[in-house]
Amino acid sequence: MEFDNAVSGRIYINGEITDAAVGIEHGRIKAIKKHIPGAKDYGERLILPARVDPHVHFRDPGFTEKEDFFTGTLSAVFGAVSCVLDMPNTSPFLYRYHAFEEKEHTASKKAVIDYGLITGIRNRILEEKVLKRSPALKIYMAETTGGVVNDLDDLALQYLLNMMKDYEKPVIFHAEDPKFMKKGEEKSLKEHLKNRPDIAEESAVKRLIKTGKPLHIAHVSSKDGAELLKNKTDGQTAEVSPHHLFLTLDSEFENPAYGKVNPPLRTKADRDALWDALRDGRIDMVSSDHAPHTIDEKEEFETSPSGIPGVETALPLMLAAVKNGLLDFKRAVEALIENPANKFCPQKGSIEVGKDADFIIIDMKDIRKIRAEDLHSKAGWTPFEGMDAIFPSSVYVRGNEIIKNGNFEGKKGFGRNLWMIKSAGHNRHS
Ligand code: DOR
Ligand code: ZN
């Protein structure tokens, strides 16, 4: 063959499904042609770009009983993801270079797909050496798992956003305003919501949008928050997570703590408003906010940590939603695949010459029920049990078929930190 590898079939190119073939060389897309002799043909199945998930918590180092970089990335790739951005609330919290080195050391040995390590700020310290090697900066406006709050007044917020423009790194906000949060009794999802009411999100989102600066708002969860997004200015983006699209505080859970998450699950009206915002573009993208905790930790509602695993089920749930008429196919590809890549990892997320050869093979007729026992996260549970999903049968990362007919054929250590490579090379800040 004239290429290292090639695939052919019904391929998603420039917003359309086209009969074509893609030639791969050195892990990148080298050519797109009508026909390539010897290409692996996927017939009627769809070939889409793989997904970048810009919001996961893989717990490594520090909480590897919940997840580690191997199980996290394994779960991701079974869910059509070729690159994850891991959040800084591991232990040690990621903001110092020694913590970065430790996390990079463990991730580089265990990751089966590509990744980036997002930095945070603690005690007002943002280390430039870490930021340069990070895909983004995460700011926690309110307390959540990991216990870091970045209390920024308006001046500090403006200063930070101005400075971050020079680094060309997105700033991601956990948008809840602690001023409106309470520490009341918490024995049910209803009480959890009472402690973190809609107004907390509304206030934080309003404040962020008012800055007029580029930024990214994580996991929007309320009708009021979604409504405000119509005022987003240039470079401002927002995400929603599948649990806020598919679950409410009235959903039936095997264990109510499986629905305990920050920001909280809200009402059906909130859920419907999020779907509307996703359809009309106020919400730009879907990210999983994969936040695994063990079954034991989730036993007692009051003491249970907040967080829901979801990196493996995000795309499969959304494709089934397309099939069930909740979302247009093209909009789903934009929100799940193209937009996250454009914002956070532009070398992936579309099938065009020069991009990474990251593909997923999808049969839209292959609808299955989600079962916790079929998933690969260490969590071992899912609040999406029994829901419809369309999983990829194969996943390619940089031209390698890591999932082949539903089986894992990758290896630990194959995944690369894409931002390490850049900062060691021609990044103007290095
Ligand atoms: O529910 C949540 N869990 N929200 C967060 O912001 C953090 C996450 C976690 O790390 O468990
Ligand atoms: Zn998160």
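An account of the accompanying structure is given in this report. Everything numeric in this text was worked out from a predicted model, so none of it was measured.

The rules we used
- Residues numbered from 1 in each chain as written.
- Chains lettered and ligands numbered in written order.
- Predicted model: local features only at pLDDT ≥ 70, side-chain atom pairs only at ≥ 80, totals over all residues.
- Heavy atoms only, no water.
- Donors = N, O, S within 2.8 Å, 3.2 Å for Na, K, Ca; no water.
- Buried < 20%, exposed > 50% of the residue type's maximum accessible area, 1.4 Å probe, protein only.
- Pairing = 2+ DSSP bridges.
- Helix = DSSP H or I, 4+ residues; strand = E, 2+ residues; numbered from the N terminus.
- Near = heavy atom within 4 Å.
- Polar contact = N/O pair within 3.5 Å; in protein donor to acceptor, adjacent residues only side chain to side chain.
- Areas by Shrake-Rupley, 256 points an atom, 1.4 Å probe, with all protein chains shown as cover.
- 1 Å grid on protein atoms, 1.4 Å probe; cavity = no way out; pocket = protein on both sides within 12 Å on 5 of 7 lines; lining within 4 Å.
- Sits in = over half its atoms within 2 Å of the grid points.
- Nonpolar A, V, L, I, M, F, W, Y, C, P; charged D, E, K, R; others polar.
- Core = buried A, V, L, I, M, F, W, Y, C linked by side-chain atoms within 4.5 Å.
- Contact = heavy atoms within 4.5 Å.
- Expected span 1.5 Å × (residues − 1).
- Salt bridge = Lys/Arg side-chain N within 4 Å of Asp/Glu carboxyl O.
- Axes fitted to C-alpha atoms, helices over the stretch in contact; angles between N-to-C directions.
- Parallel < 35°, antiparallel > 145°, perpendicular 65-115°, else oblique.
- Left-handed = near helix turned anticlockwise from the far one by under 90°.
- Points joined across faces, edges and corners; volume = space filled by probe spheres on them.

Here the focus is the coordination of the zinc ion (ligand 2). Ligation of the zinc ion (ligand 2) by protein atoms is provided by His55 (NE2), His57 (NE2) and Asp289 (OD), these donors lying 2.0 to 2.2 Å from the ion. Counting residues between consecutive donors of the zinc ion (ligand 2) along the chain gives the motif H-x1-H-x231-D. In this pair, the class of His55 matches that of His57, namely buried.

Right, let's talk about the sheet that holds strand 11 (residues 236-240) for a bit. Judged by pairing direction, the sheet is parallel, and its five strands sit side by side in the order 8-9-10-11-12 without closing on themselves. One side of each edge strand has no neighbouring strand; the edge strands of this open sheet are strand 8 (137-140) and strand 12 (285-286). Bridge count for strand 11 against strand 12 is two bridges, and the pairing is parallel. Looking at strand 12, one finds that Glu239 is bridged to Met285.

All residues adjacent to ligand 1 are His57, Arg59, Asn89, Thr144, Thr145, His174, Val261, Asn262, Ala291, His293, Ser306 and Gly307. The contact in question runs from an oxygen atom of ligand 1 to an N or O atom on the side chain of Asn89, over 2.8 Å. Bound to the protein, ligand 1 loses 100% of the 290 Å² it would expose on its own. More than half of the atoms of ligand 1 fall within 2 Å of the grid points belonging to the largest cavity. A breakdown of the residues in the shell around ligand 1 according to their chemical character gives two nonpolar, nine polar and one charged.

The mixed open sheet is built from eight strands, whose spatial order is 3-2-1-4-13-16-17-18. Edge positions in the open sheet fall to strand 3 (28-33) and strand 18 (407-408), since each of these has one partner strand only. In this sheet, strand 4 (residues 40-49) lies alongside strand 1 (residues 5-13) in parallel orientation, the contact comprising four bridges. The residue of strand 4 that forms the bridge with Ser8 is Asp41.

By size, the foremost hydrophobic cluster in this structure holds 102 residues, and its most contacted members are Val84, Phe173, Ile217, Leu278, Met318, Phe329 and Ile362. Considering every element that reaches this core, the biggest residue donor is helix 10 (residues 314-323), with seven residues. Once residues lying within four places of it in the same chain are set aside, the contact partners of Ile362 are Arg45, Leu46, Leu48, Leu315, Leu319, Ile390, Phe391 and Pro392. Core analysis: the second largest hydrophobic core is formed by 18 residues, Met87, Tyr95, Val148 and Cys345 among them.

Moving on, we come to helix 10. Within helix 10, nine of the ten residues are buried, which leaves it mostly tucked inside the rest of the structure. Among all positions of helix 10, only Ala314, Leu315, Pro316, Leu317, Met318, Leu319, Ala320, Ala321 and Val322 are buried. Just past helix 10, the residue Gly325 takes up positive phi, approximately 85°.

Looking now at helix 9 (residues 268-280). Along its 13 residues, helix 9 runs 18 Å from first to last C-alpha, staying within 8% of the 18 Å computed at 1.5 Å per residue. For helix 9, the complete set of buried residues consists of Asp270, Ala273, Leu274, Trp275, Ala277 and Leu278. One or two residues past the end of helix 9 sits Gly281, with phi positive at roughly 95°.

Turning our attention to the pattern of salt bridges. One pass over the structure, following the stated rule, counts 33 salt bridges. With its nearest N and O atoms 2.8 Å apart, the salt bridge here joins Lys110 to Asp60. Highlighted residues: Lys110 in helix 2 (residues 97-110) and Asp60 in the loop between strand 5 (51-56) and helix 1 (69-78), separated in sequence by 50 residues. What makes Asp60 buried here is its relative accessible area of 3%.

Contact pair helix 10 / helix 11 (residues 329-344): the axes reach a minimum separation of 10 Å and the direction vectors enclose 165°. One finds that helix 10 runs roughly antiparallel with respect to helix 11. Crossing angle aside, the handedness with which helix 10 passes helix 11 is right-handed. In this structure, helix 10 contributes Ala314, Leu315, Met318, Leu319 and Val322 to the contact, and helix 11 contributes Phe329, Ala332, Leu336 and Ile337. The class makeup of the residues in the contact of helix 10 with helix 11 is nine nonpolar, no polar and no charged.

Okay, empty space enclosed by the protein next. On inspection of all chains with the given rule, the structure shows two cavities of 30 Å³ or more. Its volume calculated, the largest cavity comes out at about 140 Å³. The wall of the largest cavity is formed by 17 residues, among which His57, Thr144, Thr145, Asn262 and Asp289 lie closest to the centre. Looking at side-chain class alone, the lining of the largest cavity contains four nonpolar, ten polar and three charged residues. What the second largest cavity holds in volume is close to 90 Å³. Around the second largest cavity, the lining comprises 14 residues; the ones closest to its centre are Pro309, Gly310, Leu375, Ser377 and Trp381. Here the residues of the lining of the second largest cavity sort into six nonpolar, seven polar and one charged.

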